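# Close look at the chain arrangement
The chain contents come next:
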Amino acid sequence: MSQATRYDDARGAGRTHARHSLGGSFIVDRRGTILGFDEGMEALTGWPAIEVVGHRKDDAVELAAGGGRPRSLPLYDGEVPFPEASTTAVLRLNGRDGRSLDVEVFVRRVPGRGERAQVSILRVLARSASRFVAATKDEIDARTGLLNAQAFVRLLADEVEAAAAAARPVALVLADVDHLRHVNDRLGRDEGDQVLERVADILRVSAGDDHRLGRIGDDDFAILLPRAGRGEARQLASTLRSTVERFRFFESPDTQGGVTLSLGAASFPADADGAQQLLARAREALDEARVLGRNRVWCYLRRPRVPVHVPVFFDGTDGLLVGYTRDLSPSGVFVQTAAPIDIGMRCAFSFPLPGRNGNVHVVGRVVRTVPPETSLTSDADVRVPGMGVEFERFGGPEDRHAIDSFLHDRESTTLRPENGRLSV
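Okay, the pairing of strand E9 (residues 261–268) next. With eight of eight residues buried, E9 lies mostly within the body of the structure. Because side chains alternate across E9, one face comprises the buried residues Leu 261, Leu 263, Ala 265 and Ser 267, and the other comprises Ser 262, Gly 264, Ala 266 and Phe 268, equally buried. Alignment of strand E6 (residues 170–177) against E9, held across eight bridges, turns out to be antiparallel. What sits directly across from Leu 174, in E9, is Gly 264. Pairing of E9 with strand E10 (residues 297–299), which is carried by three bridges, proceeds in the parallel orientation. When the bridges of E10 are listed, Ala 265 appears paired with Cys 299. Viewed along the sheet, the connection from E9 through helix H7 (residues 275–291) into E10 turns out left-handed.

Following this line, the structure appears as C-alpha cells:
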C-alpha cells in the first residue's frame with residue numbers, strides 16, 4: 001500500500017479505540033517530521049529514536065544506515081491522515097532490517113499549536129520478508145521469500161520424523177488463494193503477484209516463523225505447526241481466513257471484489273502415519289474446502305465417529321474413572337463426564353475396546369467442553385455434559401492399530417441406543 005488508507009473492518013465501525021498504544025507510538029507533524037518516537041516503535045521497527053526524531057520521515061532511514069549499504073526506504077510509506085479528532089488507518093512501516101509492516105493505527109490530533117498527530121499501533125496486519133536479503137537461495141521462493149516447495153517438503157519430513165521420535169504432534173495447514181486467475185485476468189499479473197506477496201506477509205504475522213512457511217504451488221501456501229494438534233491448526237487457519245477476507249489488497253476504492261483463502265488442515269499422528277500421508281491428508285481437506293464453496297476452513301476427517309460406550313480412566317492410576325465414551329474416531333473421543341477438564345489440558349487416558357483384550361493408551365488434548373448446565377438443552381448432540389479429546393500421542397503402534405481396526409470393523413454395524421446410552 002503506497003498510502004495510508006482507511007481500514008475497512010465491519011467490527012470497527014462502532015468500536016472505541018484505546019488512546020494508548022498497544023505496540024508503539026510516534027508523533028509527526030504535517031510535513032512528516034518525526035517529533036516523538038517511543039520504545040515500542042524502537043522494538044517494532046528496529047530504529048533507535050535518537051536517529052529518527054527531529055528528521056523527516058523520508059530522511060530517517062538514510063541517516064540510520066550509517067556506513068552500511070545505502071537504504072532509500074522511508075520510515076513509513078505515504079502520508080499520515082490528519083483528522084479533525086481521530087481516525088483509524090492502515091500504514092506501512094519500513095523496518096531497519098528491510099522488512100515492511102502493514103499495521104492498523106489509531107491517529108489522533110494532538111491539542112495545541114501546530115498540526116501534529118499521534119499515531120499509535122493497534123495491531124500488525126502483515127509482515128514482509130527483508131528487502132535486503134537476497135532471494136536467490138536454492139531453498140527460497142523468489143516471489144514471496146518463503147521456503148519453496150522442495151525445501152518445505154524436506155522440512156516436513158524432518159519435522160514429522162522428529163515428532164515421531166519425541167512422541168509429540170505436528171500439524172499442517174495448506175492454504176489456497178481463491179480464484180487468483182480471476183485477479184490476473186481482471187487486473188493484470190502484477191496485481192496477482194502482489195496478492196501473493198501480501199498473503200505471504202499475513203502468514204508471517206499469524207504463524208510467526210518464516211522458516212516454517214512455504215509456497216508449494218502457484219497460489220498454494222503451507223504452514224507447519226510443531227507441537228500442535230488439529231485444534232490449534234483449525235484456530236490458526238480460521239484467523240488466517242478472516243484476516244485475508246478483511247484485508248484491503250487493492251489501492252483503488254473502485255476495485256471490486258476482495259481476496260479469500262480456502263484452507264485445509266491435518267495433524268500427525270491423529271490423521272497420518274508419516275510426512276507424505278500428512279501432506280496428502282491436508283490436501284484432501286483443502287480440496288474439500290474448495291468443493292464446499294471456498295473461503296472456509298476444513299479439517300481432514302478420516303472416518304465418521306462411531307458410537308461406543310466404554311469407561312475411560314486416567315492412565316497410570318489404579319482405575320481412576322474419568323467418564324464414559326460417547327463416540328470414537330481415529331483422531332479423538334468424546335468423554336461423557338460431569339466434571340469436564342479445562343480446554344487445552346493434556347492428559348493420559350486408557351480405555352477398553354469391546355471385543356479386544358486390554359486397554360488402549362493415548363495422550364489427548366481437551367479441545368471442547370460441554371458443561372453440566374447445558375444438559376437441559378433439546379439438542380441431543382450436547383445434551384450430555386462432557387469433553388472432546390483430540391489424540392496427540394498413542395502409547396504404541398499397537399494402540400493406534402487397535403483403534404483403527406475396531407472402527408473399521410464397526411463402521412458397517414448398526415448401533416442402537418440402549419437404556420439411554422449408545423452401546424455396541
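Let's shift gears to the sheet that holds E6. Hydrogen bonds between backbone groups are what pair the strands of a sheet, and the pairing can be parallel or antiparallel. If you walk across this open sheet you meet the five strands as E7-E8-E6-E9-E10, and the pairing is mixed. In the strand order of this sheet, the two ends are held by strand E7 (213–215) and E10, each with one partner. Taken over all neighbouring pairs, the strand axes of this sheet differ in orientation by 20 degrees on average, direction set aside. Here helix H5 (residues 189–207) sits on the sheet and contacts E6, E7, strand E8 (220–226) and E9; the angle it forms with E8, its principal contact strand, is near 10 degrees.

A cis amide bond links Phe 268 to the next residue, Pro 269, at an omega of 5 degrees. Summarising the element assignment, Pro 269 is placed in the loop between E9 and H7. Although it is not a glycine, Arg 294 adopts a positive phi angle of roughly 70 degrees. The topology assignment puts Arg 294 in the loop between H7 and E10. One non-glycine residue with positive phi stands out, namely Asn 295, at about 50 degrees. Relative to the helices and strands, Asn 295 is located in the loop between H7 and E10.

Analysis parameters
Residues numbered from 1 in each chain as written. Predicted model: local features only at pLDDT ≥ 70, side-chain atom pairs only at ≥ 80, totals over all residues. Heavy atoms only, no water. Buried < 20%, exposed > 50% of the residue type's maximum accessible area, 1.4 Å probe, protein only. Helix = DSSP H or I, 4+ residues; strand = E, 2+ residues; numbered from the N terminus. Pairing = 2+ DSSP bridges. Right-handed = clockwise from strand over helix to strand, strands pointing away. Axes fitted to C-alpha atoms, helices over the stretch in contact; angles between N-to-C directions. Contact = heavy atoms within 4.5 Å.

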